[in-house]
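Report on the structure
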Amino acid sequence: MSASSSASRVMRDLYALCDCGGRLSGTPGEALAAAFIMEAGAAAAGVPPIVHTVDYAGWEPLAARLFMADGEAVPCHPLVRTVPTPAGGLDAEVIDLGRGTEEEFEAHRAEIPGRIVLVRHELMFAPGTIHRRVKYERARAAGAIGFLISGPSAGSLVAGSSGREAGEGIPAAGISPETAARLRRRSGGYPRVRLAIETREMPAQTRNIFFDMPGETEEWVVLSAHYDGHSLAESAMDNASGVAIALETARRLRAGGKPARRGLRLAFFSIEEWALTGSALYVAGLDEAERAAIALNVNIDSVGFDHTLTALVSGYAALEPFLLGIAERENIGLRTYRPFQRNSDHANFAAAGIPAFRLVGGFDDANAPARHVLTAFDTRDRLDPAHMEKAAGLVTSIVAAALDAPDEQARLWRSSRES
Ligand SMILES: [Zn+2]
(Lines give C-alpha, C1' and ligand atoms only; values in the text may rest on other atoms or scores of the structure.)
Protein backbone atom coordinates (compact mmCIF):
# COMPACT_ATOMS: atom_id res chain seq x y z
CA MET A 1 0.00 0.00 0.00
CA SER A 2 1.60 3.27 -1.07
CA ALA A 3 1.38 6.37 1.05
CA SER A 4 -0.80 8.14 -1.50
CA SER A 5 -3.38 5.36 -1.72
CA SER A 6 -3.63 5.04 2.08
CA ALA A 7 -4.04 8.82 2.25
CA SER A 8 -6.89 8.64 -0.24
CA ARG A 9 -8.43 5.81 1.82
CA VAL A 10 -8.38 8.02 4.92
CA MET A 11 -9.88 10.93 3.01
CA ARG A 12 -12.56 8.68 1.54
CA ASP A 13 -13.71 7.75 5.07
CA LEU A 14 -13.52 11.38 6.12
CA TYR A 15 -15.71 12.45 3.20
CA ALA A 16 -18.18 9.62 3.86
CA LEU A 17 -18.67 10.95 7.41
CA CYS A 18 -18.97 14.54 6.17
CA ASP A 19 -21.58 13.36 3.67
CA CYS A 20 -23.74 12.40 6.68
CA GLY A 21 -23.97 16.11 7.59
CA GLY A 22 -23.15 17.68 10.95
CA ARG A 23 -24.23 14.55 12.91
CA LEU A 24 -25.91 16.27 15.85
CA SER A 25 -27.06 13.48 18.16
CA GLY A 26 -30.69 12.64 17.54
CA THR A 27 -30.63 13.65 13.87
CA PRO A 28 -30.73 11.36 10.81
CA GLY A 29 -27.12 12.37 10.08
CA GLU A 30 -25.93 10.83 13.34
CA ALA A 31 -27.76 7.58 12.50
CA LEU A 32 -26.23 7.55 9.01
CA ALA A 33 -22.77 7.97 10.52
CA ALA A 34 -23.39 5.09 12.93
CA ALA A 35 -24.41 2.86 10.02
CA PHE A 36 -21.28 3.85 8.11
CA ILE A 37 -19.04 3.13 11.09
CA MET A 38 -20.57 -0.30 11.65
CA GLU A 39 -19.79 -1.27 8.09
CA ALA A 40 -16.43 0.45 7.69
CA GLY A 41 -15.27 -0.64 11.15
CA ALA A 42 -16.11 -4.28 10.49
CA ALA A 43 -14.18 -4.15 7.22
CA ALA A 44 -11.21 -2.39 8.85
CA ALA A 45 -11.02 -4.50 12.03
CA GLY A 46 -12.18 -7.82 10.58
CA VAL A 47 -14.61 -8.35 13.45
CA PRO A 48 -18.32 -7.53 13.78
CA PRO A 49 -19.46 -4.42 15.67
CA ILE A 50 -20.48 -4.61 19.31
CA VAL A 51 -23.24 -2.04 19.71
CA HIS A 52 -24.11 -0.54 23.07
CA THR A 53 -27.49 1.12 22.97
CA VAL A 54 -27.38 4.24 25.11
CA ASP A 55 -30.45 5.85 26.64
CA TYR A 56 -30.13 9.55 27.18
CA ALA A 57 -32.21 12.65 27.75
CA GLY A 58 -32.96 13.69 24.17
CA TRP A 59 -33.38 17.25 23.03
CA GLU A 60 -34.25 18.87 19.75
CA PRO A 61 -34.19 22.54 18.74
CA LEU A 62 -37.35 23.63 16.94
CA ALA A 63 -36.67 27.33 16.42
CA ALA A 64 -34.26 30.01 17.56
CA ARG A 65 -34.32 33.70 16.76
CA LEU A 66 -32.85 36.83 18.20
CA PHE A 67 -34.49 40.22 17.68
CA MET A 68 -32.54 43.42 18.10
CA ALA A 69 -34.10 46.47 19.79
CA ASP A 70 -35.29 47.82 16.43
CA GLY A 71 -37.08 44.55 15.72
CA GLU A 72 -34.53 43.25 13.24
CA ALA A 73 -34.20 39.46 13.41
CA VAL A 74 -30.62 38.11 13.46
CA PRO A 75 -29.56 34.47 13.42
CA CYS A 76 -28.62 32.60 16.57
CA HIS A 77 -27.89 28.95 17.31
CA PRO A 78 -29.41 27.21 20.34
CA LEU A 79 -26.78 25.58 22.55
CA VAL A 80 -27.29 21.85 23.07
CA ARG A 81 -29.91 21.14 25.76
CA THR A 82 -30.80 24.78 26.28
CA VAL A 83 -34.17 25.35 27.89
CA PRO A 84 -36.76 27.16 25.73
CA THR A 85 -37.68 30.77 26.32
CA PRO A 86 -41.20 31.62 27.47
CA ALA A 87 -43.71 31.64 24.61
CA GLY A 88 -43.32 34.96 22.84
CA GLY A 89 -39.63 35.15 23.74
CA LEU A 90 -37.44 36.53 26.47
CA ASP A 91 -37.36 40.32 26.34
CA ALA A 92 -34.36 41.59 28.31
CA GLU A 93 -31.30 43.80 28.47
CA VAL A 94 -27.87 42.39 27.63
CA ILE A 95 -24.84 42.76 29.91
CA ASP A 96 -21.62 42.24 27.96
CA LEU A 97 -19.00 40.50 30.15
CA GLY A 98 -16.27 40.34 27.51
CA ARG A 99 -14.41 37.07 27.63
CA GLY A 100 -16.35 36.01 30.71
CA THR A 101 -13.54 35.65 33.24
CA GLU A 102 -14.23 35.34 36.94
CA GLU A 103 -12.98 38.92 37.35
CA GLU A 104 -15.38 40.24 34.74
CA PHE A 105 -18.30 38.45 36.38
CA GLU A 106 -17.21 39.84 39.77
CA ALA A 107 -16.78 43.41 38.50
CA HIS A 108 -20.33 43.49 37.13
CA ARG A 109 -22.03 41.25 39.67
CA ALA A 110 -24.76 43.77 40.52
CA GLU A 111 -25.69 44.26 36.86
CA ILE A 112 -26.25 40.58 36.06
CA PRO A 113 -29.51 39.59 37.79
CA GLY A 114 -32.46 39.82 35.43
CA ARG A 115 -30.29 40.40 32.34
CA ILE A 116 -28.92 38.25 29.52
CA VAL A 117 -25.17 37.69 29.84
CA LEU A 118 -22.99 37.98 26.73
CA VAL A 119 -19.54 36.32 26.65
CA ARG A 120 -17.03 35.26 24.00
CA HIS A 121 -16.22 31.73 22.81
CA GLU A 122 -12.51 30.95 23.18
CA LEU A 123 -10.04 28.81 21.28
CA MET A 124 -11.07 25.39 22.53
CA PHE A 125 -7.63 23.88 22.75
CA ALA A 126 -5.42 26.17 24.77
CA PRO A 127 -4.05 26.13 28.32
CA GLY A 128 -5.97 29.12 29.68
CA THR A 129 -9.29 28.47 27.94
CA ILE A 130 -12.37 29.04 30.04
CA HIS A 131 -14.91 26.53 28.79
CA ARG A 132 -18.28 27.73 27.61
CA ARG A 133 -20.01 25.48 30.17
CA VAL A 134 -18.13 27.21 32.99
CA LYS A 135 -19.28 30.62 31.79
CA TYR A 136 -22.85 29.39 31.42
CA GLU A 137 -22.81 28.13 35.00
CA ARG A 138 -21.32 31.41 36.23
CA ALA A 139 -24.05 33.37 34.47
CA ARG A 140 -26.76 31.16 35.91
CA ALA A 141 -25.35 31.30 39.41
CA ALA A 142 -25.12 35.11 39.22
CA GLY A 143 -28.81 35.46 38.41
CA ALA A 144 -28.71 35.95 34.62
CA ILE A 145 -31.92 35.01 32.81
CA GLY A 146 -30.27 34.22 29.47
CA PHE A 147 -26.86 33.44 27.96
CA LEU A 148 -25.37 34.50 24.64
CA ILE A 149 -21.94 33.42 23.44
CA SER A 150 -20.22 35.05 20.49
CA GLY A 151 -18.39 32.84 18.02
CA PRO A 152 -14.72 33.17 16.99
CA SER A 153 -15.24 33.26 13.21
CA ALA A 154 -16.46 36.31 11.30
CA GLY A 155 -19.72 35.53 9.57
CA SER A 156 -20.53 32.43 11.58
CA LEU A 157 -22.61 31.42 14.56
CA VAL A 158 -21.10 29.09 17.15
CA ALA A 159 -22.40 25.77 18.47
CA GLY A 160 -21.73 23.79 21.63
CA SER A 161 -23.39 22.40 24.71
CA SER A 162 -24.91 24.44 27.50
CA GLY A 163 -23.78 21.69 29.86
CA ARG A 164 -27.31 21.39 31.22
CA GLU A 165 -28.37 17.78 31.79
CA ALA A 166 -32.03 18.21 32.71
CA GLY A 167 -34.23 20.42 34.82
CA GLU A 168 -33.49 24.07 35.55
CA GLY A 169 -31.52 26.23 33.16
CA ILE A 170 -31.45 29.54 31.32
CA PRO A 171 -31.97 29.93 27.55
CA ALA A 172 -28.60 29.85 25.79
CA ALA A 173 -27.56 30.56 22.21
CA GLY A 174 -24.50 31.15 20.05
CA ILE A 175 -24.32 34.34 17.97
CA SER A 176 -21.96 35.78 15.37
CA PRO A 177 -19.19 38.24 16.31
CA GLU A 178 -21.01 40.82 14.17
CA THR A 179 -24.11 40.55 16.33
CA ALA A 180 -21.99 40.64 19.49
CA ALA A 181 -20.39 43.88 18.29
CA ARG A 182 -23.85 45.45 18.23
CA LEU A 183 -24.47 44.31 21.82
CA ARG A 184 -21.19 45.59 23.25
CA ARG A 185 -21.16 47.30 26.62
CA ARG A 186 -21.39 51.05 26.19
CA SER A 187 -22.24 54.02 28.34
CA GLY A 188 -25.85 55.10 28.44
CA GLY A 189 -27.72 51.89 29.09
CA TYR A 190 -27.86 48.29 28.07
CA PRO A 191 -28.87 47.08 24.61
CA ARG A 192 -32.19 45.26 24.61
CA VAL A 193 -33.03 42.06 22.70
CA ARG A 194 -35.75 39.47 22.44
CA LEU A 195 -34.52 35.88 22.40
CA ALA A 196 -36.99 33.24 21.23
CA ILE A 197 -36.05 29.56 21.50
CA GLU A 198 -38.34 26.57 21.11
CA THR A 199 -37.17 23.07 21.95
CA ARG A 200 -38.52 19.59 22.52
CA GLU A 201 -37.24 17.09 25.09
CA MET A 202 -37.90 13.37 24.94
CA PRO A 203 -36.27 10.06 25.88
CA ALA A 204 -33.73 9.19 23.19
CA GLN A 205 -31.34 6.41 22.27
CA THR A 206 -28.03 6.38 20.49
CA ARG A 207 -25.18 3.96 19.95
CA ASN A 208 -21.63 3.57 21.15
CA ILE A 209 -19.96 1.24 18.65
CA PHE A 210 -17.03 -1.05 19.47
CA PHE A 211 -14.79 -3.43 17.57
CA ASP A 212 -12.71 -5.82 19.65
CA MET A 213 -9.55 -7.15 18.00
CA PRO A 214 -8.32 -9.61 20.63
CA GLY A 215 -4.75 -9.92 21.82
CA GLU A 216 -2.95 -12.67 23.71
CA THR A 217 -3.99 -11.36 27.14
CA GLU A 218 -7.17 -10.01 28.71
CA GLU A 219 -5.87 -6.44 28.53
CA TRP A 220 -6.95 -3.77 26.09
CA VAL A 221 -5.84 -0.56 24.50
CA VAL A 222 -8.93 1.51 23.71
CA LEU A 223 -8.62 3.68 20.60
CA SER A 224 -11.56 6.11 20.66
CA ALA A 225 -13.09 8.86 18.54
CA HIS A 226 -16.49 10.50 18.80
CA TYR A 227 -18.64 10.52 15.69
CA ASP A 228 -21.33 13.01 16.65
CA GLY A 229 -21.13 16.72 15.88
CA HIS A 230 -23.26 19.84 15.48
CA SER A 231 -25.56 21.15 12.80
CA LEU A 232 -23.71 24.28 11.66
CA ALA A 233 -21.39 22.47 9.23
CA GLU A 234 -19.90 19.02 8.52
CA SER A 235 -18.05 18.57 11.84
CA ALA A 236 -15.11 17.61 9.65
CA MET A 237 -12.14 18.50 11.87
CA ASP A 238 -14.23 17.76 14.96
CA ASN A 239 -14.39 14.86 14.61
CA ALA A 240 -14.71 13.09 11.26
CA SER A 241 -10.91 13.36 11.26
CA GLY A 242 -10.56 11.25 14.41
CA VAL A 243 -12.95 8.56 13.22
CA ALA A 244 -11.13 8.26 9.89
CA ILE A 245 -7.75 7.99 11.65
CA ALA A 246 -9.04 5.30 14.02
CA LEU A 247 -10.38 3.24 11.10
CA GLU A 248 -7.08 3.56 9.25
CA THR A 249 -5.11 2.56 12.34
CA ALA A 250 -7.18 -0.63 12.67
CA ARG A 251 -6.57 -1.48 9.01
CA ARG A 252 -2.82 -1.01 9.33
CA LEU A 253 -2.47 -2.99 12.54
CA ARG A 254 -4.57 -5.81 11.17
CA ALA A 255 -2.46 -5.85 7.99
CA GLY A 256 0.62 -6.07 10.20
CA GLY A 257 -0.60 -9.58 10.97
CA LYS A 258 1.31 -10.43 14.13
CA PRO A 259 -0.80 -10.87 17.26
CA ALA A 260 -0.18 -8.34 20.01
CA ARG A 261 -0.08 -8.90 23.76
CA ARG A 262 -3.07 -6.68 24.36
CA GLY A 263 -6.26 -6.48 22.35
CA LEU A 264 -7.25 -3.37 20.42
CA ARG A 265 -10.72 -2.08 21.18
CA LEU A 266 -11.99 0.55 18.76
CA ALA A 267 -14.57 2.76 20.44
CA PHE A 268 -16.76 5.20 18.53
CA PHE A 269 -18.74 7.32 20.97
CA SER A 270 -21.74 9.57 20.42
CA ILE A 271 -23.19 12.45 22.47
CA GLU A 272 -19.65 13.66 23.08
CA GLU A 273 -20.82 17.15 22.17
CA TRP A 274 -23.39 16.73 24.96
CA ALA A 275 -20.93 17.11 27.82
CA LEU A 276 -19.06 13.85 27.00
CA THR A 277 -22.10 11.72 27.83
CA GLY A 278 -21.56 8.65 25.61
CA SER A 279 -18.11 7.83 26.96
CA ALA A 280 -19.17 8.73 30.50
CA LEU A 281 -21.86 6.06 30.39
CA TYR A 282 -19.42 3.52 28.93
CA VAL A 283 -16.79 4.12 31.61
CA ALA A 284 -19.41 4.15 34.37
CA GLY A 285 -20.58 0.75 33.17
CA LEU A 286 -17.14 -0.87 33.60
CA ASP A 287 -16.43 -2.76 36.81
CA GLU A 288 -13.12 -2.45 38.60
CA ALA A 289 -11.53 -5.42 36.84
CA GLU A 290 -12.60 -4.11 33.43
CA ARG A 291 -11.10 -0.71 34.20
CA ALA A 292 -7.89 -2.32 35.36
CA ALA A 293 -7.76 -4.29 32.10
CA ILE A 294 -7.60 -1.12 29.99
CA ALA A 295 -3.91 -0.25 29.78
CA LEU A 296 -4.42 2.95 27.83
CA ASN A 297 -7.06 5.09 26.13
CA VAL A 298 -5.86 6.82 22.97
CA ASN A 299 -8.53 9.39 22.07
CA ILE A 300 -8.35 11.11 18.68
CA ASP A 301 -10.30 14.34 18.43
CA SER A 302 -9.65 17.02 15.81
CA VAL A 303 -6.42 16.34 13.91
CA GLY A 304 -5.15 16.48 10.33
CA PHE A 305 -5.63 20.15 9.46
CA ASP A 306 -2.12 21.38 10.20
CA HIS A 307 1.34 20.08 11.01
CA THR A 308 0.98 20.33 14.79
CA LEU A 309 0.03 17.45 17.06
CA THR A 310 -0.27 17.63 20.83
CA ALA A 311 -0.97 14.84 23.32
CA LEU A 312 -3.04 16.03 26.29
CA VAL A 313 -1.92 13.43 28.83
CA SER A 314 -4.44 14.18 31.59
CA GLY A 315 -1.83 14.28 34.35
CA TYR A 316 -0.41 10.83 33.51
CA ALA A 317 3.16 12.09 33.43
CA ALA A 318 4.76 8.77 32.44
CA LEU A 319 2.90 8.86 29.12
CA GLU A 320 5.06 11.79 28.05
CA PRO A 321 8.42 10.03 27.54
CA PHE A 322 6.60 7.06 25.98
CA LEU A 323 4.80 9.23 23.41
CA LEU A 324 7.69 11.61 22.72
CA GLY A 325 10.04 8.67 22.18
CA ILE A 326 7.77 7.21 19.52
CA ALA A 327 7.31 10.57 17.79
CA GLU A 328 11.06 11.06 17.72
CA ARG A 329 11.65 7.62 16.20
CA GLU A 330 9.01 8.39 13.56
CA ASN A 331 10.43 11.86 13.03
CA ILE A 332 7.05 13.45 13.68
CA GLY A 333 6.77 16.63 15.73
CA LEU A 334 4.73 16.06 18.88
CA ARG A 335 4.19 18.17 21.96
CA THR A 336 2.70 17.05 25.22
CA TYR A 337 0.56 19.00 27.66
CA ARG A 338 0.17 17.59 31.12
CA PRO A 339 -2.74 19.23 33.01
CA PHE A 340 -6.05 17.41 32.93
CA GLN A 341 -8.33 18.86 30.25
CA ARG A 342 -11.99 18.00 30.26
CA ASN A 343 -12.48 18.66 26.55
CA SER A 344 -13.09 15.22 25.02
CA ASP A 345 -13.84 11.58 25.85
CA HIS A 346 -10.36 10.79 27.25
CA ALA A 347 -11.37 12.84 30.31
CA ASN A 348 -13.83 10.18 31.45
CA PHE A 349 -11.19 7.44 31.21
CA ALA A 350 -8.58 9.55 32.97
CA ALA A 351 -10.94 10.52 35.77
CA ALA A 352 -11.68 6.82 36.35
CA GLY A 353 -7.98 6.04 36.89
CA ILE A 354 -7.28 4.77 33.36
CA PRO A 355 -4.21 6.26 31.64
CA ALA A 356 -5.62 8.35 28.80
CA PHE A 357 -4.65 11.07 26.39
CA ARG A 358 -6.21 13.08 23.62
CA LEU A 359 -4.34 13.70 20.39
CA VAL A 360 -5.32 17.10 18.99
CA GLY A 361 -4.06 19.47 16.30
CA GLY A 362 -3.60 23.24 16.56
CA PHE A 363 -3.27 23.25 20.35
CA ASP A 364 -2.61 26.72 21.73
CA ASP A 365 -2.36 28.27 18.26
CA ALA A 366 -4.85 31.09 17.82
CA ASN A 367 -4.35 31.06 14.05
CA ALA A 368 -4.76 27.31 13.49
CA PRO A 369 -7.79 26.08 11.55
CA ALA A 370 -8.91 24.58 14.87
CA ARG A 371 -10.30 28.00 15.74
CA HIS A 372 -13.19 27.20 13.38
CA VAL A 373 -14.27 24.10 15.34
CA LEU A 374 -17.99 24.41 16.29
CA THR A 375 -18.60 26.98 13.54
CA ALA A 376 -19.98 26.92 10.00
CA PHE A 377 -16.38 26.64 8.76
CA ASP A 378 -15.67 23.14 10.10
CA THR A 379 -15.87 21.65 6.63
CA ARG A 380 -13.96 18.96 4.74
CA ASP A 381 -11.75 21.41 2.88
CA ARG A 382 -9.96 22.16 6.20
CA LEU A 383 -8.43 18.66 6.23
CA ASP A 384 -5.21 17.99 4.43
CA PRO A 385 -4.35 14.51 3.09
CA ALA A 386 -0.67 14.81 4.03
CA HIS A 387 -1.45 15.89 7.61
CA MET A 388 -4.07 13.15 7.95
CA GLU A 389 -1.55 10.62 6.69
CA LYS A 390 1.02 11.83 9.21
CA ALA A 391 -1.47 11.61 12.08
CA ALA A 392 -2.48 8.09 11.02
CA GLY A 393 1.17 7.05 10.99
CA LEU A 394 1.83 8.41 14.47
CA VAL A 395 -1.34 6.91 15.95
CA THR A 396 -0.54 3.53 14.43
CA SER A 397 2.96 3.57 15.93
CA ILE A 398 1.69 4.66 19.34
CA VAL A 399 -1.06 2.06 19.46
CA ALA A 400 1.28 -0.70 18.23
CA ALA A 401 3.77 0.16 20.96
CA ALA A 402 1.05 0.31 23.62
CA LEU A 403 -0.34 -3.07 22.55
CA ASP A 404 3.04 -4.67 23.27
CA ALA A 405 4.33 -2.45 26.07
CA PRO A 406 5.71 -4.41 29.05
CA ASP A 407 3.43 -4.71 32.08
CA GLU A 408 5.92 -2.73 34.10
CA GLN A 409 5.59 0.21 31.73
CA ALA A 410 1.79 0.07 31.76
CA ARG A 411 1.88 0.04 35.56
CA LEU A 412 4.10 3.09 35.50
CA TRP A 413 1.62 4.98 33.30
CA ARG A 414 -1.16 4.20 35.73
CA SER A 415 0.73 5.20 38.85
CA SER A 416 2.16 8.40 37.37
CA ARG A 417 -0.98 10.46 37.59
CA GLU A 418 -0.63 13.89 39.12
CA SER A 419 -3.76 15.35 40.63
ZN1 LIG B 1 -14.57 16.79 19.51
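In this text, all values refer to a predicted model and were calculated from it rather than measured experimentally.

Focus: the UniProt feature "domain: Peptidase M28" (unreviewed entry) in the chain
Here, UniProt's "domain: Peptidase M28" (unreviewed entry) annotation points to residues 208-396. The span residues 208-396 is 34% helical and 20% strand by assignment, and the distance between its end C-alpha atoms comes to 22 Å.

Observations regarding helix α2 (residues 28-45)
Helix length check: α2, at 18 residues, gives a terminal C-alpha distance of 25 Å against a target of 26 Å (1.5 Å per residue), a fit within 8%. Within the span of α2, buried status applies to Gly29, Glu30, Ala33, Ala34, Ile37, Met38, Ala40, Gly41, Ala44 and Ala45. Residue Gly46 follows α2 closely and has a positive phi angle near 75°.

A short note on the packing of helix α6 (residues 236-256) against helix α11 (residues 385-403)
Interhelical geometry of α6 versus α11 gives an angle of 55° and a closest axis separation of 9 Å. One way to sum up the angle between α6 and α11 is to call them oblique. The hand of the α6/α11 crossing is right-handed. Where α6 abuts α11, its residues Ser241, Ala244, Ile245, Glu248, Thr249, Arg252 and Leu253 lie against Met388, Glu389, Ala391, Ala392, Gly393, Val395, Thr396, Val399, Ala400 and Leu403. Classifying every residue of the contact of α6 with α11 gives 10 nonpolar, four polar and three charged.

Concerning the UniProt feature "domain: PA" (unreviewed entry) in the chain
If you check UniProt for "domain: PA" (unreviewed entry), the listed places come out as residues 96-183 in our numbering. Here residues 96-183 runs as 25% helix and 17% strand, with 7 Å between its end C-alpha atoms.

Topic: the domain arrangement of the chain
Quoted interface sizes are often the accessible area lost when the parts come together. Annotation of the chain at the domain level lists domain 1 (3-58 + 204-415) and domain 2 (60-201). If you average the C-alpha positions of domain 1 and of domain 2, the two centres end up 31 Å apart. Contact residues are listed per partner, giving 30 residues for domain 1 and 23 residues for domain 2. Where domain 1 abuts domain 2, roughly 2100 Å² becomes buried across the two surfaces, and 65% of that area is made up of carbon and sulfur atoms. The largest per-residue losses of area from domain 1 upon contact with domain 2 belong to Leu232, Ala275 and Leu374, which jointly make up 22% of the total buried on that side. Our enumeration of links across domain 1 and domain 2 arrives at six residue pairs in polar contact (both at pLDDT 80 or more). Contributing elements (two or more residues each) for the side of domain 1 that touches domain 2: β1 (50-67) and β14 (356-360). Here the residues of the side of domain 1 that touches domain 2 are counted per class, giving 14 nonpolar, 10 polar and six charged.

Definitions and cut-offs
- Residues numbered from 1 in each chain as written.
- Predicted model: local features only at pLDDT ≥ 70, side-chain atom pairs only at ≥ 80, totals over all residues.
- Heavy atoms only, no water.
- UniProt positions renumbered as here; feature names shortened; annotations may be inferred.
- Helix = DSSP H or I, 4+ residues; strand = E, 2+ residues; numbered from the N terminus.
- Expected span 1.5 Å × (residues − 1).
- Buried < 20%, exposed > 50% of the residue type's maximum accessible area, 1.4 Å probe, protein only.
- Axes fitted to C-alpha atoms, helices over the stretch in contact; angles between N-to-C directions.
- Parallel < 35°, antiparallel > 145°, perpendicular 65-115°, else oblique.
- Left-handed = near helix turned anticlockwise from the far one by under 90°.
- Contact = heavy atoms within 4.5 Å.
- Nonpolar A, V, L, I, M, F, W, Y, C, P; charged D, E, K, R; others polar.
- Domains from an automatic or database assignment.
- Buried area = accessible area lost by both parts, 1.4 Å probe.
- Polar contact = N/O pair within 3.5 Å; in protein donor to acceptor, adjacent residues only side chain to side chain.

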